[in-house]
Amino acid sequence: METTRRIQTAFRLDESLLNRVKKKASRQNKSLNSYVEALLRADVRDEPEYPKVSFPILHSVRVSRMLDILPAFTDEEIESDEKLAYILGK
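These numbers were taken from a predicted model, which means no experiment stands behind them.

## Some points on the overall build of the chain
- Counting secondary structure elements, the chain contains five helices and zero strands.
- Going from the N terminus to the C terminus, the chain shows its helices and strands as α-α-α-α-α.
- Within the chain, the fraction of its 90 residues that count as buried is 9%.
- Intrachain contacts of the chain at a sequence separation of at least 6 include 13% that bridge at least 24 residues.
- Carbon together with sulfur atoms contributes 53% to the accessible area of the chain, which is approximately 9100 Å² in total.

Shown next, in the form of structure tokens:
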């Protein structure tokens, strides 16, 4: 089972809202914390946990050098080195 790091936080709520939420959590035999956490998880369920990032794999030599991606190989270097060509998917 994965353990998650819990961070204590504070925010302000309308007093009557807080009392209603506490009662509902109690009726479900949950702590206020676990009840609110479950509500928040349900709300963000369809949101990605981490932003989707795509990394360019291959560039022209010029672009690679401009982006400071090291090492930058020429097509000739890739073609002449079988292992390098395999690794780079050429």
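## Concerning the pattern of salt bridges
- Taken as a whole and assessed by the stated rule, the structure comprises two salt bridges.
- Residue E37 pairs with R6 through a salt bridge whose shortest N-O separation is 2.8 Å. Pair noted here: E37 is in helix α2 (residues 32-43) and R6 is in the segment before α1 (15-27), with a separation of 31 residues, a long-range link.
- Sharing partners across several salt bridges, the network here consists of R6, E37 and R41.

## Let's talk about the confidence of the model for the chain
- Averaged over all residues, the pLDDT of the chain is 82; the fraction at 70 or higher stands at 71%.
- Within the chain, α1 carries the highest mean pLDDT (97), whereas helix α3 (residues 61-66) carries the lowest (65).

## Side note on unusual backbone geometry
- The phi torsion at N29 lies on the positive side, around 55°, for a residue other than glycine.
- Positionally, N29 belongs in the loop between α1 and α2.

## Topic: α1
- Relative to the 18 Å expected for 13 residues at 1.5 Å per residue, α1 spans 19 Å between its end C-alpha atoms, a close match to the ideal helical length.
- Phi turns positive one or two residues past the end of α1, at N29, with a value near 55°.

## Let's talk about a nonpolar patch on the surface
- A contiguous nonpolar patch, built from F11, L13 and L17 and spanning about 310 Å² of accessible area, is present on the exposed surface.
- Relative to the helices and strands, L17 resides in helix α1.
- On the accessibility criterion, L17 (38% relative accessible area) is partly exposed.

## Quick look at the packing of α1 against α2
- It is the contact of α1 with α2, at a shortest axis distance of 9 Å, that shows an interaxial angle of 95°. Here α1 lies roughly perpendicular to α2, going by the angle between them. Where α1 abuts α2, its residues L18, V21, K22, K24 and A25 lie against L32, Y35 and V36.

## So, the environment of K22
- Checked against the element boundaries, K22 lands in helix α1.
- Overall, the relative accessible area of 41% leaves K22 in the partly exposed class.
- The sequence separation of K22 and Y35 amounts to 13 residues, and the corresponding C-alpha distance is 8.6 Å.

About the criteria used
- Numbers given for residues are sequential positions, taken from 1 along each chain in its written order.
- For a predicted model such as this one, the threshold for reporting local features is a pLDDT of at least 70, and the threshold for listing and counting side-chain atom pairs is 80 or more; totals across whole chains, interfaces and linings nevertheless cover every residue.
- Calculated side-chain values reflect all of the structure's heavy atoms, with hydrogen atoms and water omitted.
- For helices the rule is a DSSP run of H or I covering at least 4 residues; for strands it is a run of E covering at least 2, with both sets numbered from the N terminus onward.
- Here's how the labels work: a residue is buried when its accessible area is under 20% of the maximum for its type, exposed when over 50%, partly exposed in between, all with a 1.4 Å probe on protein chains only.
- We call two residues in contact whenever any of their non-hydrogen atoms come within 4.5 Å of each other.
- Note that accessible areas follow from Shrake-Rupley with a 1.4 Å probe, and for residues the cover is restricted to the protein chains shown.
- Each reported salt bridge corresponds to a side-chain nitrogen of Lys or Arg within 4 Å of a carboxyl oxygen of Asp or Glu.
- As a per-residue quantity, pLDDT reports the predictor's confidence and falls between 0 and 100.
- The span expected for a helix works out to 1.5 Å for each residue beyond the first.
- Two distance rules govern patches: like charges are joined within 9 Å, and nonpolar side chains (Val, Leu, Ile, Met, Phe, Trp, Tyr) within 5 Å, applied only to residues with over 30% relative accessible area and no salt bridge.
- Fitting a line to C-alpha atoms yields each axis, with helices limited to the stretch in contact; the angle taken between N-to-C directions then spans 0 to 180 degrees.
- What sets the label is the angle itself: under 35 degrees gives roughly parallel, over 145 gives roughly antiparallel, 65 to 115 gives roughly perpendicular, and the rest give oblique.

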